Amino acid sequence: MKTAILISGRGSNMVSLLEAMADPDYPARPVLVVSNRADAGGLARTGAVPTAVVPSRGRMREDFEAALDARLRESGVEFIALAGFMRVLTADFVRRWEGRMVNIHPSLLPSFKGLDTHARALAAGVKIHGCTAHWVSAGVDEGRIIGQAAVPVLDGDNEARLAARVLAAEHVLYPRALAIALGAARPAPDAGARILAL
Ligand code: GAR
């Protein structure tokens, strides 16, 4: 499946997806990485995979999405993985890619939709936090869940420490969840101490 990865920042989830896609048995081929920001660090980490910048700032949402859609189609993209893509997509765009677009979110949905998930998890005093891979639907962070990884909140955790452990879990979860989304899941090897439910 010809896949595009959409990013806005450092692109660590993008790198974990690209590493998985380097395996010829993996069911997705990366054909394009798109950022809505020219300064996204991840753009320098795509190796041989072509990149495109489709700027979103100061632009009407519809114009941005029309340009994004055109760029994706130009590369023959069949499937989209959002990986730290921080721009909310309209219901129109989502409908166009329905069933062909997934996302990674840094919380155990349906808890902590939106931003600042780690700070909010700490403030709420939850003992189990984590990340969720899900299909993208018109409601933000509301699409059907593909898989989740649980990460315990430890005594003395702060936002940075918790975020780092959740991010490490994202890097394990997302490539597996994407493979499942593409209908070609392979048995998970050792998940270590992490609880991983796909
Ligand atoms: C990740 O934690 C991802 O789950 C989150 O942004 C980070 C991007 O990191 N995404 C969202 O919050 C989406 N609403 P990365 O650029 O290193 O992959």
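Each chain has its residues counted from 1, following the order in which its sequence is written. A pLDDT threshold of at least 70 governs which residues receive local features in this predicted model, and a stricter bar of 80 or more applies before side-chain atom pairs are shown or counted, although totals over entire chains, interfaces and linings include all residues. Values shown for side chains rest on all heavy atoms present in the structure; no hydrogens or waters enter the calculation.

Colleague: Looking at this model, I keep getting lost on the overall build of the chain. Mind explaining?
Modeller: Regarding its fold elements, the chain presents five helices and eight strands. In this description a helix means any DSSP run of H or I spanning at least four residues, a strand means any run of E spanning at least two, and both kinds are numbered starting from the N terminus. For the chain, the N- to C-terminal ordering of α and β elements is β-α-β-β-α-β-α-β-α-β-β-α-β. Along the three orthogonal principal directions, the C-alpha set of the chain runs to about 50 × 40 × 30 Å. Type-normalised accessible area, obtained with a 1.4 Å probe on protein chains alone, sets the label of each residue: buried when under 20%, exposed when over 50%, and partly exposed for intermediate values. Considering the chain as a whole, with its 198 residues, one finds that 48% of them fall into the buried category. Between two residues, a contact is recorded if the distance between any of their heavy atoms is within 4.5 Å. Across the chain, every contact between residues at least 6 apart in sequence was considered, and the portion connecting residues at least 24 apart equals 61%. A total of about 9,400 Å² of accessible surface is found on the chain, and carbon and sulfur atoms cover 55% of it. Computing the positive centroid from 23 side-chain charges and the negative centroid from 20, the chain places the two 1 Å apart. We get accessible surface area from the Shrake-Rupley algorithm with a probe of 1.4 Å; when it comes to residues, only the shown protein chains can shield them. A residue counts as positive if it is Lys or Arg and as negative if it is Asp or Glu; His and the chain ends are not included. Every charge is mapped to an atom, namely NZ of Lys, CZ of Arg, CG of Asp or CD of Glu.

Colleague: Can you help me understand the packing of aromatic side chains in this one?
Modeller: Two descriptors summarise a pair of aromatic rings, namely the distance from one centre to the other and the angle between the planes of the rings. Here the aromatic set is Phe, Tyr and Trp, taking the six-membered ring for Trp, and pairing holds for ring centres within 6.5 Å; pairs whose planes are under 30 degrees apart are stacked, those over 60 apart are edge-to-face, and all others are tilted. Per the stated rule, a full pass over the model turns up three aromatic pairs. Ring centres of Phe 79 and Trp 135 lie 6.0 Å apart, and the angle between their planes is 65 degrees; on these two criteria the pair is classed as edge-to-face. In this pair, Phe 79 sits in strand β4 (residues 79-82) while Trp 135 sits in strand β6 (residues 128-135), placing the two residues 56 residues apart along the sequence. Note on accessibility: Phe 79 and Trp 135 belong to one class, buried.

Colleague: Which parts of the structure should I look at to understand the site of the ligand?
Modeller: Distances are taken per atom, and a residue is near a molecule or strand as soon as one of its heavy atoms is within 4 Å of it. In the vicinity of the ligand, the residues found are Arg 10, Gly 11, Ser 12, Asn 13, Gly 84, Met 86, Ile 104, His 105, Pro 106, Leu 167 and Glu 170. Any pair of nitrogen or oxygen atoms within 3.5 Å is treated as a polar contact; in protein, a donor-acceptor pairing is required on top of that, and neighbouring residues in sequence qualify only through side-chain atoms on both sides. Here Gly 11 contributes a backbone N or O atom positioned 2.9 Å from an oxygen atom of the ligand. In this structure, Asn 13 approaches the ligand through a main-chain N or O atom, which is 2.9 Å from an oxygen atom. Of all the elements in the fold, those that place two or more residues in the shell around the ligand are α1 (12-21), β5 (101-105) and α5 (159-181). Taken together, the residues of the shell around the ligand break down into four nonpolar, five polar and two charged. Under the convention adopted here, Pro, Cys and the residues Ala, Val, Leu, Ile, Met, Phe, Trp and Tyr are nonpolar, Asp, Glu, Lys and Arg are charged, and Gly plus all remaining residues are polar.

Colleague: Please explain the packing of α1 against α5 as it appears in this structure.
Modeller: With axes taken as lines fitted to C-alpha atoms, and helix axes fitted only over the stretch in contact, angles between N-to-C directions fall between 0 and 180 degrees. Contact geometry of α1 with α5 gives a least axis separation of 9 Å together with a crossing angle of 45 degrees. Considered as vectors, α1 and α5 are oriented oblique to each other. The hand of the α1/α5 crossing is right-handed. Of α5, the residues touching α1 (which contributes Ser 12, Asn 13, Ser 16, Leu 17, Ala 20 and Met 21) are Leu 167, Glu 170, His 171, Tyr 174, Pro 175 and Leu 178. Class assignment for the residues of the contact of α1 with α5 results in seven nonpolar, four polar and one charged. Oblique is the label for every angle not falling under 35 degrees (roughly parallel), over 145 degrees (roughly antiparallel), or within 65 to 115 degrees (roughly perpendicular). Note on convention: the crossing is left-handed when the near helix lies turned anticlockwise from the far helix by less than a right angle, right-handed when the turn is clockwise.

Colleague: How should α1 be read in this particular structure?
Modeller: Since there are 3.6 residues in each turn of an α-helix, residues three or four apart along the chain are aligned in direction. With nine of its 10 residues buried, α1 lies for the most part within the structure. Burial in α1 covers these residues: Ser 12, Asn 13, Met 14, Val 15, Ser 16, Leu 17, Leu 18, Ala 20 and Met 21.

Colleague: Please clarify how the nonpolar core should be interpreted in this entry.
Modeller: Buried together is how nonpolar side chains tend to be arranged in soluble globular proteins. We call a set of buried Ala, Val, Leu, Ile, Met, Phe, Trp, Tyr and Cys residues a nonpolar core when their side-chain atoms join them within 4.5 Å. Judged by nonpolar contacts, the single largest core of 36 residues is most densely connected at Ile 5, Val 102, Tyr 174 and Leu 178. Going through the elements one at a time, β1 (2-7), α1, β4, β5, β6, β7 (145-152) and α5 are the ones with two or more residues in this core. By residue number, the principal contributor to this core is α5, which donates nine residues. Those residues in contact with Tyr 174 that sit more than four places away from it in its chain are Asn 13, Leu 17, Ala 81, Leu 82, Ala 83, Val 102, Asn 103, Ile 104 and Ala 133. Leu 6, Val 31, Phe 85 and Val 136 belong to the second largest nonpolar core, which has 20 residues in total.

Colleague: Can you help me understand the pairing of β5 in this one?
Modeller: For a regular strand, the rule is simple: side chains alternate between the two faces of the sheet. For β5, the tally of buried residues reaches five of five residues, placing the bulk of the element in the interior. Of the two faces of β5, the one carrying Met 101, Asn 103 and His 105 and the one carrying Val 102 and Ile 104 are both buried. A pair of strands is labelled paired if DSSP reports no fewer than 2 bridges between them. Relative to β5, β4 is paired through three bridges, and the arrangement is parallel. Bridge pairing links Leu 82 to Asn 103 in β5. Crossovers are described as right-handed under a simple rule: with the strands pointing away from the observer, the path leading from the first strand over the helix to the second runs clockwise. Traced from β4 through helix α3 (residues 91-96) to β5, the parallel crossover comes out right-handed.

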